[in-house]
Amino acid sequence: PAAVTPATAPPPTPATIRAGDVPSVVDTGGIAAPPPGDARFKHRRLIILYFDLSATAPPDQMRAYDAAHKYIATQMAPADLIAIMTYTGSAARVKQDFTDNKATLREVLDLLIYGKDEDGDGIRDPEMEGTEFGQNDAEFNVFSTDRQLSALQTAVTMLRPLPEQKSLVYFASNLRLNGTDNNAQLRATTNAAIRANVQIYPVDARGLVATAPLGDATQRSPGGIGMFSGAL
């Protein structure tokens, strides 16, 4: 019988995406787990770039994005597979599944920097609130630090179906524990990372921060003779 010609062209593979093309859909929903026996990740290094934007100032965000751009352009090895995740205060989202396509990774980073404008009005489209892969305000509204740790726990749990070791680079400006209040969520996040075989490498996007002597602006200035006698 004669061969049947498909009516529509197949979707482009990552290798055919050009540098000038902008992907129409960024949020992939999750990490695709390979079927049993699939060796696509064999002898590959799995790296996740995780941007915690909930407590990161815009200048620090740009510094983190620039560092990611530089790594992809100059230091990414042929054996590297990179995924990109973000946390914006409402949910942990997968922006790009594991890929070795540098053009696709650069496009995703550019969309994180400049935002999407699908309606063409010249204004950045607002982010969607809530998803099945994260926590929203109704589910988690007690401590912001617990929310950050819980979102990180959600991210590493997404990586659990992959048996290989994963390296998650955590970009943030601040993750401050409040005494012992966050110990339960911290242990839960740590245990989830151990079970998922994920190593976390935190990067403070602020760089080196110098604390003012005798405290900072979060507390009142000390007074009395103890300042001068050394008692304080």
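Look up: the structure comes first, before these words.
Rules used throughout
Residues numbered from 1 in each chain as written. Predicted model: local features only at pLDDT ≥ 70, side-chain atom pairs only at ≥ 80, totals over all residues. Heavy atoms only, no water. Axes fitted to C-alpha atoms, helices over the stretch in contact; angles between N-to-C directions. Helix = DSSP H or I, 4+ residues; strand = E, 2+ residues; numbered from the N terminus. Parallel < 35°, antiparallel > 145°, perpendicular 65-115°, else oblique. Contact = heavy atoms within 4.5 Å. Nonpolar A, V, L, I, M, F, W, Y, C, P; charged D, E, K, R; others polar. Pairing = 2+ DSSP bridges. 1 Å grid on protein atoms, 1.4 Å probe; cavity = no way out; pocket = protein on both sides within 12 Å on 5 of 7 lines; lining within 4 Å. Points joined across faces, edges and corners; volume = space filled by probe spheres on them. Buried < 20%, exposed > 50% of the residue type's maximum accessible area, 1.4 Å probe, protein only. Polar contact = N/O pair within 3.5 Å; in protein donor to acceptor, adjacent residues only side chain to side chain.

(A) Structural detail: the packing of helix α1 (residues 58-75) against helix α2 (residues 102-114). Two numbers describe how α1 lies on α2: the axes approach to 10 Å, and their chain directions differ by 170 degrees. Viewed along their axes, α1 and α2 adopt a mutual orientation that is roughly antiparallel. Across from Met62, Tyr65, Ala68, His69, Ile72 and Ala73 in α1, the residues of α2 making contact are Lys102, Leu105, Arg106, Leu109, Asp110, Leu112 and Ile113. Classifying every residue of the contact of α1 with α2 gives nine nonpolar, one polar and three charged.

(B) Region of the structure containing the sheet that holds strand β3 (residues 92-99). The mixed open sheet is built from five strands, whose spatial order is β3-β2-β1-β4-β5. The open sheet is flanked by β3 and β5 (198-204), the only strands paired with a single partner. Geometrically, the sheet is characterised by an average inter-axis angle of 20 degrees between neighbouring strands, direction not taken into account. Direction of pairing for strand β4 (residues 166-172) relative to β5: parallel, over a ladder of seven bridges. Residue pairing for β5: Lys166 is matched across the bridge by Val198. This element, α1, spans β1 (45-52), β2 (80-87) and β4 of the sheet and lies at about 160 degrees to β1.

(C) How the structure looks around empty space enclosed by the protein. Taken as a whole and judged by the stated rule, the model has one cavity of 30 Å³ or more. Of the voids in this model, the largest cavity is the one considered here, and its volume is about 30 Å³. Forming the walls of the largest cavity are Phe51, Asp52, Leu53, Thr56, Asp60, Gln61, Ala64, Phe171 and Ala172. Listed by contribution, the elements that provide at least two residues to the lining of the largest cavity are β1, α1 and β4. The biggest single contributor to the lining of the largest cavity is α1, with three residues. Among the residues making up the lining of the largest cavity, the classes are represented as five nonpolar, two polar and two charged.

(D) Quick peek at the side chain of Thr99. Tracing the chain through its elements places Thr99 in strand β3. Among the residues examined, Thr99 registers a relative accessible area of 8% and is labelled buried. Engagement of the side chain of Thr99 in a polar contact is seen with the backbone nitrogen of Asn101, the distance being 3.1 Å. Not counting the four nearest positions on each side in its chain, Thr99 is found in contact with Met76, Asp80, Leu81, Ile82 and Leu105.

(E) View of the environment of Ala55. The residue Ala55 is located in the loop between β1 and α1 in this model. Between the alpha carbons of Ala55 and Thr88 there is a distance of 8.5 Å; along the sequence they are 33 residues apart.

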